[in-house]
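Structural features, examined
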Amino acid sequence: MHRQRLAVTVLLTATLTGGLVPAAAAHDAHRPDPVQRQLSLLVERDGVPGALAYDGKVTRTLGVADIESGRPMVGAQGRFRLASNTKAFTAAAVMRLVVDGRIRLDDRAGTYVPQLAHHTITVRQLLKQTSGLPEYSALADWSRPGTPEDYLALALEEQPVFEAGTDWGYSNTNYLVLGMVIDTASGVGFRTYIDRTVVHPLRLDDTYWPAPGEFTLRGPHARNYGVHPARPDAGRVDVTELPGYEFGASGGLVSTPEDLNAFWDGLFGGRLLPGWAVGLMTRDTTDVGGRDVYPPGSRYGYGVASIPLSCGGSYWGHGGDLPGDSVGGGRATGGRGTVTVYTTTWAAEGDSLRHLQGAVDAALCAKRR
């Protein structure tokens with residue numbers, strides 16, 4: 001199951017200028033900036049309208065935020081949809097419940113979600129994407145709102161993809177269910193609980209859950225462009241407005257590059273969870289190299305994935321894709337920093353995926369070059 005499938009199915013119903021913000025001084029004028037080169041490939045070769053890379057100190061941009069007006073690409077405080085990066089927030093909240101003794105990883109999900117009462121699927125398998133639950137988003141009628149129970153019922157009408165615990169398969173349904181687990185175990189609803197345990201402690205002031213029926217993005221943001229699945233002959237169109245509330249625990253958050261970097265630093269820097277809990281998230285993993293969008297050597301843990309770096313080591317993040325954006329990056333091992341790379345159209349396959357991941361790699365390996 002592809003991590004971008006959720007928004008692809010949602011959409012079934014629902015002059016380039018470059019900028020380099022004070023980064024230029026940080027690089028030898030006689031050496032090409034490897035990060036900027038990857039952004040140039042995304043914009044000038046792959047046709048991405050706008051691209052950004054933010055490493056905590058330097059913001060690099062290329063392209064435009066709005067094709068019609070030619071407005072320059074937004075910076076590190078511009079809002080965008082996190083898409084499946086939301087799963088890492090959800091996983092961190094689940095682990096907080098584990099730390100506090102309110103749930104156990106090997107509890108059956110049916111303990112908290114009555115629709116799964118007769119299934120052997122565990123909380124751990126949901127986190128690791130090893131439950132075998134079918135993808136719900138391709139089955140939903142996105143022309144009208146639904147509840148998590150409605151969406152889960154659609155998935156349960158299908159045959160399992162595999163027996164729980166015997167394989168790995170990316171499915172937004174896993175994190176839909178984890179949101180329901182948080183609802184029951186916390187007693188306050190997953191959005192409120194994730195805000196209380198993740199967003200607010202890290203002071204991610206520009207990160208929010210869209211309200212029911214809210215389609216637009218708040219605050220400064222770029223427009224998003226993609227091929228509408230229902231009107232492919234129209235070519236690339238504006239797909240900025242989406243029913244973000246409906247994406248829920250698997251993909252609903254809106255944030256900024258600054259906030260997303262702060263999240264990765266907070267999670268892996270021990271500000272949210274004790275070391276043993278973060279260790280479980282990153283040690284109890286599955287080899288996913290060559291599957292979905294993950295290159296060889298990648299591993300998937302509890303809502304986070306590691307991707308090898310060309311300079312050695314790896315970085316931990318997740319990634320997320322919609323027809324109108326792709327987001328990559330995370331925090332590298334060995335103290336090499338944190339980065340977010342964002343494009344204003346889908347860049348989840350072929351050359352565009354390689355160039356997006358190449359920008360992440362170039363930023364995190366810069367200290368080794």
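Quick look at the structure, then. (Residues numbered from 1 in each chain as written. Predicted model: local features only at pLDDT ≥ 70, side-chain atom pairs only at ≥ 80, totals over all residues. Heavy atoms only, no water.)

**Let's talk about the overall build of the chain**
Applicable threshold: Counting from the N terminus, the helices are the DSSP runs of H or I reaching at least four residues and the strands are the DSSP runs of E reaching at least two. Each residue is placed in one exposure class: buried if its accessible area under a 1.4 Å probe, protein chains only, is under 20% of its type's maximum, exposed if it is over 50%, and partly exposed if it falls in between.
On a plain count of helices and strands, the chain comes out with eleven helices and 14 strands. In the chain, which comprises 369 residues, the proportion classed as buried is 59%.

**A short note on the packing of aromatic side chains**
Let me state the cut-off plainly: Two aromatic rings, drawn from Phe, Tyr or Trp (for Trp, its six-membered ring), form a pair once their centres lie within 6.5 Å of each other, and the interplanar angle then sorts them: stacked below 30 degrees, edge-to-face above 60, tilted otherwise. Cation placement over rings: the criterion is NZ of Lys or CZ of Arg within 6 Å of the ring centroid and within 35° of the ring normal.
Under the definition given, this model contains eleven aromatic pairs. The interplanar angle of 80 degrees and the centroid separation of 5.5 Å between the aromatic rings of Phe-190 and Trp-209 together place this pair among those described as edge-to-face. On the criterion of sequence distance, the pair formed by Phe-190 in helix α7 (residues 190-199) and Trp-209 in the loop between α7 and β5 (225-227) is long-range, its members being 19 residues apart. Here Phe-190 falls in the buried class, since its relative accessible area comes to 7%. A connected cluster of aromatic rings, assembled from ring pairs, spans Phe-89, Phe-263, Trp-264 and Phe-268. Residue placement shows Arg-191 over the ring face of Tyr-245; its charged tip is 3.8 Å from the ring centre.

**With respect to the packing of helix α5 (residues 148-156) against helix α6 (residues 172-186)**
As a reminder, the rule being used: Axis definition: a line fitted to C-alpha atoms, limited for helices to the stretch in contact. Angles are taken between N-to-C directions and run from 0 to 180 degrees. Oblique is the label for any angle not covered by the other classes, which are roughly parallel (under 35 degrees), roughly antiparallel (over 145) and roughly perpendicular (65 to 115). Should the near helix be turned counterclockwise from the far one by less than a right angle, the crossing is left-handed, whereas a clockwise turn marks it as right-handed. Throughout, a contact is declared for two residues whenever any of their heavy atoms are within 4.5 Å. Gly falls in the polar group here, along with every residue not listed as nonpolar (Ala, Val, Leu, Ile, Met, Phe, Trp, Tyr, Cys, Pro) or charged (Asp, Glu, Lys, Arg).
Contact pair α5 / α6: the axes reach a minimum separation of 10 Å and the direction vectors enclose 140 degrees. As summarised for this structure, α5 and α6 are arranged oblique, according to the angle between their axes. The element α5 and its partner α6 pack so that their crossing is left-handed. Where α5 abuts α6, its residues Pro-148, Glu-149, Tyr-151, Leu-152 and Ala-155 lie against Thr-173, Leu-176, Val-177 and Met-180. Taken together, the residues of the contact of α5 with α6 break down into seven nonpolar, one polar and one charged.

**A closer look at the side chain of Arg-191**
What counts here: By the counting scheme adopted, Arg and Lys are positive, Glu and Asp are negative, and His together with the chain ends is not counted. Basic side-chain nitrogens of Lys or Arg form a salt bridge, by our definition, when they fall within 4 Å of a carboxyl oxygen of Asp or Glu.
In this structure, Arg-191 sits in helix α7. Buried and unpaired, Arg-191 has no salt bridge, with Asp-183 as the nearest side chain of opposite charge at 6.6 Å. In contact with Arg-191, other than residues within four places in its own chain, are Trp-209, Tyr-245 and Gly-248.

**A word on the pattern of salt bridges**
Pairing is possible between side chains of opposite charge, provided their charged atoms come close. One pass over the full model with this rule turns up 14 salt bridges. Note that Asp-284 and Lys-128 form a salt bridge whose closest N and O atoms lie 2.7 Å from each other. On the criterion of sequence distance, the pair formed by Asp-284 in the loop between α10 (275-283) and β8 (286-287) and Lys-128 in helix α4 (residues 123-128) is long-range, its members being 156 residues apart. Owing to a relative accessible area of 13%, Lys-128 belongs among the buried residues under this scheme.

**Thoughts on the nonpolar core**
To keep things clear, this is the line we draw: Here, nonpolar core means buried Ala, Val, Leu, Ile, Met, Phe, Trp, Tyr and Cys residues that are tied together by side-chain atoms lying within 4.5 Å of each other.
Formed by 99 residues in total, the largest nonpolar core has its most connected members in Phe-89, Leu-127, Phe-263 and Leu-267. The greatest single-element share of this core, amounting to nine residues, is contributed by helix α3 (residues 86-99).

**Things to note about helix α2 (residues 34-45)**
To be explicit about the condition: Helices are assigned an expected span. That span is 1.5 Å times one less than the residue count. Pairs of N or O atoms are called polar contacts if they sit within 3.5 Å, as long as, within protein, a hydrogen donor faces a hydrogen acceptor (for residues adjacent in sequence, only side-chain-to-side-chain pairs).
Here α2 spans 16 Å end to end across twelve residues, near enough to the 16 Å set by a 1.5 Å rise per residue. Sitting at the amino-terminal end of α2 is Asp-33, which places a side-chain oxygen 3.0 Å from the backbone nitrogen of Val-35. Looking one or two residues past α2, Gly-47 carries a phi angle of roughly 80 degrees, positive in sign.

**Describing unusual backbone geometry**
The backbone of Gln-129 shows a phi angle near 65 degrees, a positive value even though the residue is not glycine. Within the secondary structure layout, Gln-129 lies in the loop between α4 and α5. The phi dihedral of Arg-203 is positive, around 55 degrees, even though this residue is not glycine. The class of Arg-203 is exposed, set by a relative accessible area of 68%.

**Some remarks on α10**
Structurally, the α-helix is built with 3.6 residues per turn, so residues lying three or four positions apart point the same way. By the burial criterion, the buried members of α10 are Ala-277, Val-278, Gly-279 and Met-281. Next to the buried residues of α10 lie α3 and α9 (257-268).

**Some remarks on the pairing of strand β14 (residues 338-343)**
Rule in force here: Strands are labelled as partners when DSSP assigns at least two bridges between them.
With six of six residues buried, β14 is to be regarded as a mostly interior element. Across the two faces of β14 the burial is the same, with Thr-338, Thr-340 and Tyr-342 and Val-339, Val-341 and Thr-343 all buried. Here strand β2 (residues 50-54) runs beside β14; their pairing, made up of four bridges, is antiparallel. Bridge pairing in β14 links Ala-51 to Thr-343. Looking at chain direction, strand β13 (residues 325-332) and β14 are connected through six bridges and run antiparallel. By the bridge assignment for β14, Gly-328 is matched with Val-341. From the end of β13 to the start of β14, which pair antiparallel, there are five residues, and Gly-334 there has a positive phi angle of about 70 degrees.

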